[in-house]
Amino acid sequence: LFPYQLLGSLTLMNMLTGVMVDVVGTTAQMEQEEQSLKMLKRDIADVVNLTDENHDRTVTAVEFAHMIQNPEAVRKLYEGGV
């Protein structure tokens, strides 16, 4: 009887540990994605501010042409997957 109780307890503990590891992994992945999204938004805002000539927070065709000629802007957009 004792070996079955021991085996049952260890099995249950192992299952709970697996669930906890899965939850922590999922949470870490979600936080990493959220952080990446924040960084991408910041980088795109920096690029728009850098190339926005009339300060209306929109990018016209002329401003876009200037944007793609700016190596720093192109690098930030490329790193963001744009």
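Anyway, here's the lowdown on the structure attached to this text. What you see is a predicted model; the values in this text were computed from it and never measured.

## A few points about the environment of glutamine 5
Among the secondary structure elements, glutamine 5 is positioned in helix α1 (residues 2-51). With 54 residues separating them in the primary sequence, glutamine 5 and valine 59 have C-alpha atoms 68 Å apart.

## Some thoughts on the pattern of salt bridges
Tallying each qualifying case throughout the model produces five salt bridges. For lysine 38, the salt bridge identified is with glutamate 34, shortest N-O distance 3.8 Å. Taken together, the positions of lysine 38 and glutamate 34, both in helix α1 and four residues apart, correspond to about one turn of that helix. By relative accessible area, which is 47% here, glutamate 34 ends up partly exposed. Note that aspartate 46 is salt-bridged to lysine 76, the shortest N-O span being 3.5 Å. Pair noted here: aspartate 46 is in helix α1 and lysine 76 is in helix α3 (residues 71-79), with a separation of 30 residues, a long-range link. Judged by its relative accessible area of 14%, lysine 76 falls in the buried class. Here the salt bridges share partners, and the residues they tie into one network are Asp46, Glu72 and Lys76.

## Looking at α3
Among the residues of α3, Ala73, Lys76 and Leu77 are the ones counted as buried. Summarising the axial view, the buried residues of α3 lie within an arc of 95 degrees, below the 170-degree limit, and thus occupy one face. Residues of α3 that are exposed and point more than 90 degrees away from the buried face comprise Pro71, Tyr78 and Glu79. Taken together, the buried residues of α3 touch α1 and α2 (61-67). In this structure asparagine 70 caps α3, since a side-chain oxygen of it lies 3.0 Å from the backbone nitrogen of glutamate 72. Following α3 by one or two positions, glycine 81 adopts a phi angle in the positive range, close to 85 degrees.

The rules behind these values
- Residues numbered from 1 in each chain as written.
- Predicted model: local features only at pLDDT ≥ 70, side-chain atom pairs only at ≥ 80, totals over all residues.
- Heavy atoms only, no water.
- Helix = DSSP H or I, 4+ residues; strand = E, 2+ residues; numbered from the N terminus.
- Salt bridge = Lys/Arg side-chain N within 4 Å of Asp/Glu carboxyl O.
- Buried < 20%, exposed > 50% of the residue type's maximum accessible area, 1.4 Å probe, protein only.
- Arc of directions from axis to C-beta.
- Contact = heavy atoms within 4.5 Å.
- Polar contact = N/O pair within 3.5 Å; in protein donor to acceptor, adjacent residues only side chain to side chain.

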